[in-house]
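Summary of the model geometry
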Amino acid sequence: MNTAILWAFIPTFFFVSVTPGMCMTLALSLGMSIGYRRTLWMMMGELVGVAVVAVAAVLGVAAIMLNYPWLFTIFKAIGAAYLAYIGIQMWRSRGKLAMSAEQTEVPKSKDWDLVIQGFVTAIANPKGWAFMVSLLPPFIDGSNPIGPQLIALVSIILICEFLCMTLYAAGGKGLKRVLGQSNNVKIMNRISGSLMIGVAIWLFVG
């Protein structure tokens, strides 16, 4: 792969990744409610989803998906409803991801649920698909094997996504420390829940 193209791709995608979006907002929300370590499970699912979208975009599957928006409508509706339900539960200081005034840690929820949250958010984001379709092809050199180029580009994408989600999740954890006192727990839950509901609305109407 052309080194100049590779070095041009790194800052381009990092700038796009660090811009607030659904996945970053979700990382911030979960960082506030369950801390950075538990948010890693969501981040794992999100990275898998992003990798699937990136590979599909290069292989042309994305073109099929974008031509049949009803597939997105169904998937987005399910994913948005799930995230909205979680957000409402958090806003009401209920559910597995909400904290109560009598505790300092969020009750344990299944790690697999967090993985699914991240995966669904990444896969069901039509803007993510459209972005990958428009961004990745120009960086592919048709005169060289696609495999090594795809591995390099996807690796860069995943590293950028992980670093940016870490920034957001760590920021959320910092807010948790500030608002984590018993008299501020309800405020923290409502902020986290509102962000989660915002992600759900964003996912559905995006």
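These notes cover the structure that comes with them. Bear in mind the structure is a predicted one, so any value in this text is a computation, not a measurement. Here the residue index of a chain counts from 1 through its sequence in written order. With the structure being a predicted model, the display of local features is reserved for residues of pLDDT at least 70 and the display and counting of side-chain atom pairs for 80 or more, all residues being used for whole-chain, interface and lining totals. Excluded from the side-chain calculation are hydrogens and water; included are all heavy atoms of the structure.

Observations concerning helix α1 (residues 3-18)
Note the following rule: Every helix listed is a DSSP run of H or I at least four residues long, and every strand listed is a run of E at least two residues long, numbered separately from the N terminus. The span expected for a helix works out to 1.5 Å for each residue beyond the first. Exposure is judged per residue with a 1.4 Å probe applied to protein chains only, and the accessible area is read against the type maximum: over 50% gives exposed, under 20% gives buried, and values in between give partly exposed. To obtain the arc, one takes the directions from the helix axis to the C-beta atoms.
Along its 16 residues, α1 runs 23 Å from first to last C-alpha, staying within 8% of the 22 Å computed at 1.5 Å per residue. Every buried residue of α1 is accounted for by F9, F13 and S17. Buried residues along α1 cover an arc of 50° about the axis, so they all sit on one side. Those residues of α1 that are exposed and aimed more than 90 degrees away from the buried face are A4, W7 and F15.

Section: the packing of helix α2 (residues 22-59) against helix α5 (residues 111-123)
Here is the rule we go by: Axis lines are fitted to C-alpha atoms, over the contacting stretch for helices. Their N-to-C directions set the angle, which ranges from 0 to 180 degrees. In these notes the angle categories are as follows: under 35 degrees is roughly parallel, over 145 is roughly antiparallel, 65 to 115 is roughly perpendicular, and the rest is oblique. The hand of a helix crossing depends on one turn: near helix anticlockwise from the far one by less than a right angle means left-handed, and clockwise means right-handed. By the convention adopted, Pro, Cys, Tyr, Trp, Phe, Met, Ile, Leu, Val and Ala count as nonpolar, Lys, Arg, Asp and Glu as charged, and the other residues, Gly among them, as polar.
Closest axis-to-axis distance for the α2/α5 pair is 6 Å, and the angle between their directions is 55°. One element, α2, and the other, α5, form an angle in the oblique class. Of the two elements, α2 crosses α5, and the hand of that crossing is right-handed. Of the residues contributing to the contact of α2 with α5, the split by class is 16 nonpolar, five polar and three charged.

Some remarks on a nonpolar patch on the surface
Our working definition: Only residues whose relative accessible area exceeds 30% and that form no salt bridge are eligible for patches; like-charged ones are grouped when within 9 Å, while nonpolar side chains (Val, Leu, Ile, Met, Phe, Trp, Tyr) are grouped when within 5 Å. Note on areas: these come from Shrake-Rupley sampling with a 1.4 Å probe, and a residue is covered only by the protein chains present in the view. The term salt bridge refers to a pairing of a side-chain nitrogen on Lys or Arg with a carboxyl oxygen on Asp or Glu at a separation within 4 Å.
Taken together, the side chains of F14, L40, I159, F162, L163 and L167 make up a nonpolar region of the molecular surface, amounting to roughly 510 Å² of accessible area. When residues of the nonpolar patch are assigned to their parent elements, the largest contribution, four residues, is made by helix α7 (residues 146-179).

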